[in-house]
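Structure at a glance
Spelled out from the first residue to the last, the chains are:
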Amino acid sequence: MKNQVCSKCAEGTYSLGSGIKFDEWDELPAGFSNVATFMDTAVGSAENKADSCNNSSWTPRGNYIESNRDDCTVSLIYAVHLKKSGSVFFEYQYIDNNIFFEFFIQNDQCKEMESTADKWVKLTDNGEWGSHSVTLKSGSNILYWRTTGILMGSKVVKPVLVKNITIEGVAYTSECFACKPGTFSDKPGSSGCQVCPRNTYSEKGAKECTKCKEEMYYADEGSSTCIERPPCTNKDFFQIHTPCDKEGKTQIMYKWIEPKICREDVPDALTLPPSGERKDCPPCNPGFYNNASSSCTPCPPGTFSDGTQECKACPAGTEPALGFEYKWWNILPGNMKTSCFNVGNSKCDGMNGWEVAGDHIQSGAGGSDNDYLILNLHIPGFKPPTSVTGATGSELGRITFIFETICSADCVLYFMADVNRKNTNVVESWERSKEKQSYTHIISKNASFTFTWAFQRINEGQDSRQFINDMAKIYSITVTNAVDGVASSCRACALGSEQSGSSCVPCPAGHYIEKETSQCKECPANTFLSIHQVYGREACIPCGPGSKSTKDHSACFSDCLVSYVRDNQSLNYDFSNLSQVGSLMSGPSFTSRGTKFFHFFNISLCGNEGKKMAICTDNITDVTLKDMVAESEDFSNFVGAFVCQSTIIPSDSKGFRTALALQSNSLADRFLGATVETTLENISIKTDMFTPSPSKIPDVHFFYKSSTVTTSCENGRATVVTMRCNPNKPDQGELSVPSSCPAGTCDGCTFYFVWESAEACPLCTEQDYHEIEGACKKGFQETLYVWNEPKHCIKGVPLPEKRTSTCETVDFWLKVGAGVGAFTAVLLIALTCYFWKKNQKLEYKYSKLVMTANSKECELPAADSCAIMEGEDNEEEIVYSNKQSLLGKLKSLATKEKEDNFESVQLKSSRSQNI
């Protein structure tokens, strides 16, 4: 150092020159610190949870350091001063998107450096180490490795692992660093140390590794000491089946788990059970045949076999149903491979992760309990049968497997898919013991797929093997429509119009194979072609209510027009103005630790002639404006559907710069129908789920189905969007979820939404308005038309214009009527008075006549009063008439003669009556 001359480091030491390297993680190296906080800014969280993250930190694990697993925000911090521009490099493993991993750099004023604009670290594949490097400026640099867990469910978060942190650009070192235990440096001037091989060890600063006494001790790679070998137990060996021999027999063999670390020559130790028991080989898998040999070979193209019989050619008018069906496990199929991997050590490198066992394949022993036991299946592509090559349905093929897990600890079985060898995504996972069950995954894209099953007994690293009896078993794996598949059967296909040949021809899109003629025939209108079969008329499935089929009969869709007949009245709905994507943010909700999050839904009510327009994307803030990019056709972070969901972590919840979207998934990728009925295809709406509609207009329910099968939803998810007429909510209206289920679902499988809007009202008809007639003025009358109140309709029939018509005025006839009435009244009064006076005169004369007759009984009255004609009986009684009827008086008046005309009365003898 005095001469300022660089010298080589001695053996057993190393130097990076102007750099430093951190590769020992038995404890936190000097200069590193942990800062843990709970970043949720919800009311009261700062006080109540200030101490909740005291136990959260990055934990050294020997060769690497491991992040926290909870929902605290923990930063691993290191400050360094650079004499010149340099860089920082580290290796990491980041496989779980439920934990957010950031790496960024600040200067001594706590301002982030420009080089960390993209501070999010990319995910890595399961079992693979990624690398990350960033340029550093001269001066002070504060490095942050920050993780934040998002505990949205019961699943355990997989931690982030970091190792081999290297920083370049520091001052030239004045000392060499000693090799850490388990490593050595045998040459002067080394820039790094080598790992000691298996069954050797070294102490710090070693020039070479020391061998263990292998009879009594063992050591893993990179060990700092030798470990005494324990007695052998039943956890130290396993059994396998040998390939079939020429006699069709297989042998059961027992093998020690390698590397063997136990001893057989100590008390209570088990010895390896005898091997060689011979059993009949299982038959070949469907599509294969042994042809009197010891191995199974695939059937030639155009032939089929069930695995027990010779391969036969498909009959005329049929074609092989290509695929794979593995249900017998004597040897591992040619397109499958197995391996073992551990992120912290290399104990199981080179081991088989899975072992065949006759009627199933099971997870192997591994090197330690936290190994990933991996099984891969490669399918180069998918191709539908020849007859449906032109179809454009959503399913090209499917993979189905039957499995079970037997666990005493927290084991996990992962099922993953890799598209075009770009990145591996977890499709589904199962924790702890699971009964024998089936799982199906739909393939909708023709690409090269690698399917992976990874089994891990426990997630925490440890050296001992305590749970070796925990295992996963797969009984069968079936893949349909595989490009390089074999056939176990044949299926009908369409023949060309010319009968000269019997080769199959592809049917156009939307055509099925007619049974009688084996010709292609188009499906009827408003039906869609089944993705599972194309043979026979029954392959065309009718569309649901309120829907129609696409031109190619690949699916049914809604044109946003729905009709309904009620009480002989037709109600027509037009939801076109609501066909754009509607959005709903429900919540907030909180995790068990108080992290605030929202459920975000995008709803594409009608789509675009069957095209799903709602898009949800992870790790962006505006999911409604995300465009589909070319890469998005592979497995990636976006979901396109009729209804999709994302979980939103607001920016104020975890101290992030922006809101985060995660766990995007499809809730509806197939439209079933639109109807006013509350049940469709076994999907029902509970009447008490939403507040009843105040109007008498019936709600219209849009039913959807998702083909994605999950552990909790064996039949896939379903969604119902209820369209409700509400004139008080114009334009897009309002979307809401049931108050009893703020997440939109109560069981996690069926989601319910209600969309209230004036645009959800039926189209107006003639029954929705009435007319009002005005008064007739100057020979003209106006008729107005007004809507019935309250108005529960839109568009449709317009309100008629005001109508004016001629009319006759009523004033003249009122006057005529009044005059006639007055004249009639006067006439009646005059006649009444006249007849009354006339009657008085008659009464007077009559009374005078009576008085005269009483005074002179034998004297006849005057000639003008009374007379008895000769020959008449004078003894007749006189009949007196006191009054005359009005009709009689009128007659008398009408027939009145001259004034000498006199009245006559009938006389009666006084002998018979005294007057």
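Residues numbered from 1 in each chain as written. Predicted model: local features only at pLDDT ≥ 70, side-chain atom pairs only at ≥ 80, totals over all residues. Heavy atoms only, no water.

Within the chain, the secondary structure is distributed over 4 helices and 65 strands. Within the chain, the proportion of its 915 residues that are buried is 44%. Considering only residue pairs separated by 6 or more positions, the chain has 68% of its internal contacts joining residues 24 or more positions apart. By element, 51% of the accessible surface of the chain is carried by carbon and sulfur atoms, the whole surface being about 48,600 Å². (Helix = DSSP H or I, 4+ residues; strand = E, 2+ residues; numbered from the N terminus. Buried < 20%, exposed > 50% of the residue type's maximum accessible area, 1.4 Å probe, protein only. Contact = heavy atoms within 4.5 Å. Areas by Shrake-Rupley, 256 points an atom, 1.4 Å probe, with all protein chains shown as cover.)

What follows covers the state of the cysteines. Here is the idea: a disulfide is a covalent bond, and it sits between the sulfur atoms of two cysteines. Inspection of every chain in the model, using the stated rule, returns 17 disulfides. Paired by a disulfide, C616 and C644 hold their sulfur atoms 2.1 Å apart. Disulfide C616-C644: torsion about the S-S bond near 80°, hence right-handed. Residue C616 is located in strand β50 (residues 614-617), and its partner C644 is located in strand β52 (residues 643-649); the two are separated by 28 residues in the primary sequence. Judged on exposure class, the residue C616 and its partner C644 are both buried. Across the disulfide from C713 sits C749; the S-S distance is 2.0 Å. The sign of the S-S torsion, about -95°, decides the handedness of the disulfide formed by C713 and C749: left-handed. Residue C713 is found in the loop between β57 (700-705) and β58 (718-725), and its partner C749 is found in the loop between β59 (734-736) and β60 (750-757); the two are separated by 36 residues along the sequence. Per residue, the accessibility class of C713 equals that of C749, and both read buried. (Disulfide = S-S within 2.5 Å.)

Glancing now at the environment of G317. Its place among the elements puts G317 in the loop between β25 (312-313) and β26 (318-326). What makes G317 buried here is its relative accessible area of 11%. Expressed as a C-alpha distance, the spacing of G317 and L495, which sit 178 residues apart in the sequence, is 6.4 Å.

Two elements, strand β7 (residues 86-93) and strand β9 (residues 130-136), share 7 bridges in a ladder whose sense is antiparallel. Following the sheet pairing, S87 is matched in β9 by T135. (Pairing = 2+ DSSP bridges.)

Attention now goes to the sheet that holds strand β63 (residues 803-806). On the basis of which strands lie adjacent, the open sheet formed by 3 strands has the order β61-β62-β63 and antiparallel pairing. The sheet is open, and its two edges are formed by β61 (769-773) and β63, each paired on a single side. Going across the sheet, the axis of each strand differs from the next one's by a mean of 25°, ignoring polarity. Sheet topology places strand β62 (residues 780-787) next to β63; 4 bridges connect them, and they run antiparallel. Bridge pairing in β63 links F780 to T806. (Axes fitted to C-alpha atoms, helices over the stretch in contact; angles between N-to-C directions.)

Ranked by internal contacts, the top residues of the largest apolar core, which has 44 residues, are W354, F451, W453 and I477. Filtering out sequence-adjacent residues up to four positions away, F451 remains in contact with L375, N376, L377, I379, F382, I399, F415, M416, A417, H441 and I443. Core analysis: the next-biggest nonpolar cluster, separate from the first, contains 33 residues, F601, L605, L667 and M723 among them. (Core = buried A, V, L, I, M, F, W, Y, C linked by side-chain atoms within 4.5 Å.)

Strand order in this open sheet of 5 strands is β27-β30-β35-β32-β33, and the pairing throughout is antiparallel. The open sheet is flanked by β27 (336-341) and β33 (424-431), the only strands paired with a single partner. In this sheet, neighbouring strand axes are inclined to one another by 20° on average, regardless of whether the strands run parallel or antiparallel. Pairing between strand β32 (residues 412-419) and β33: 7 bridges, direction antiparallel. Note that in β33 the partner of F415 across the bridge is E428.

Next up on the list: the pattern of salt bridges. This model, assessed by the stated rule, comprises 15 salt bridges. Two residues, K802 and E782, come together in a salt bridge whose shortest N-O distance is 3.8 Å. Note that K802 is positioned in the loop between β62 and β63 and E782 in strand β62, a separation of 20 residues in sequence. Of the residues examined, E782 reaches a relative accessible area of 39% and is grouped as partly exposed. Among the charged side chains, a network of salt bridges with common partners joins R61, E66 and R69. (Salt bridge = Lys/Arg side-chain N within 4 Å of Asp/Glu carboxyl O.)

Turning next to the environment of F601. You can see F601 is positioned in strand β49 (residues 596-603). The spatial distance from the C-alpha of F601 to the C-alpha of T647 is 8.9 Å, given a sequence separation of 46 residues. If we skip the residues at most four places from it in the chain, F601 touches G582, S583, L584, S586, C644, Q645, L667, A743, F751 and F753.

As a further point, take the side chain of Q362. For Q362, the location among the structural elements is in strand β29 (residues 361-363). A relative accessible area of 18% places Q362 in the buried class. In terms of polar contacts, Q362 uses its side chain to reach the side chain of H360, at 2.9 Å. (Polar contact = N/O pair within 3.5 Å; in protein donor to acceptor, adjacent residues only side chain to side chain.)

Turning our eyes to something else, we now look at the packing of aromatic side chains. Per the stated rule, a full pass over the model turns up 41 aromatic pairs. Considering the side-chain rings of F575 and F702, the 5.5 Å spacing of their centres and the 80° angle between planes classify their relative orientation as edge-to-face. With F575 in the loop between β47 (569-574) and β48 (582-590) and F702 in strand β57, the pair connects residues that are 127 residues apart, well separated along the chain. When the centroid spacing of 6.0 Å and the interplanar angle of 40° are considered together, the rings of F671 and F702 count as tilted. Of this pair, F671 sits in strand β54 (residues 670-675) while F702 sits in strand β57, and the two are 31 residues apart along the sequence. Residue F671 shares its accessibility class with F702, and that shared class is buried. (Phe/Tyr/Trp six-rings, centres within 6.5 Å; stacked < 30°, edge-to-face > 60°.)

Residue E789 is joined to P790 through a cis peptide bond whose omega torsion reads -5°. A positive phi angle is found at D268, which is not glycine, with a value near 65°. Position of D268 among the secondary structure elements: in the loop between β20 (249-256) and β21 (277-280). The residue N526 is not glycine, and still its phi comes out positive at about 60°.

The next point concerns the pairing of β57. Burial runs high along β57: 5 of the 6 residues are buried. Bridge count for β54 against β57 is 5 bridges, and the pairing is antiparallel. The partner of T675 across the bridge, within β57, is H701. Two elements, β57 and β58, share 6 bridges in a ladder whose sense is antiparallel. Along β58, the bridge assignment pairs F703 with V720.

A few words now on the confidence of the model for the chain. Averaged over every residue, the pLDDT of the chain is 79; the share at 70 or more is 81%. Strand β64 (residues 877-879) is the least confidently modelled element of the chain, averaging 43 in pLDDT, while strand β15 (residues 200-201) averages 94, the highest of any element. Per-residue pLDDT stays below 50 along residues 865-881; that stretch engages in 32 contacts with residues further than four places along the chain or on separate chains. The model gives residues 897-915 a pLDDT under 50, and that stretch makes 33 contacts with residues more than four places away or in other chains. (pLDDT = per-residue confidence, 0-100.)

What follows concerns the side chain of K180. Inspection of the secondary structure assignment puts K180 in the loop between β12 (177-178) and β13 (183-184). In this structure, K180 is buried with no salt-bridge partner, the nearest side chain bearing the opposite charge being D23 at 4.9 Å. A distance of 2.7 Å separates the side chain of K180 from the backbone oxygen of D23, its partner in a polar contact. With near-sequence residues (within four places) excluded, K180 lies in contact with D23, E24, G62, N63, S202, E203 and K204. (Lys, Arg positive; Asp, Glu negative; His and termini not counted.)

On to a positive patch on the surface. A cluster of basic residues, K837, K838, K841 and K845, forms a positive patch at the surface. Checked against the element boundaries, K838 lands in helix α3 (residues 811-855). (Patch = residues over 30% accessible without salt bridge, like charges linked within 9 Å, V, L, I, M, F, W, Y side chains within 5 Å. Charge placed at Lys NZ, Arg CZ, Asp CG, Glu CD.)

Turning to its location among the elements, D280 is positioned in strand β21. For D280, a relative accessible area of 55% gives the class exposed. In sequence terms D280 and C244 are 36 residues apart; their C-alpha atoms lie 8.4 Å from each other. Not counting residues within four places of it along the chain, the set of residues in contact with D280 comprises G248, K249 and T250.

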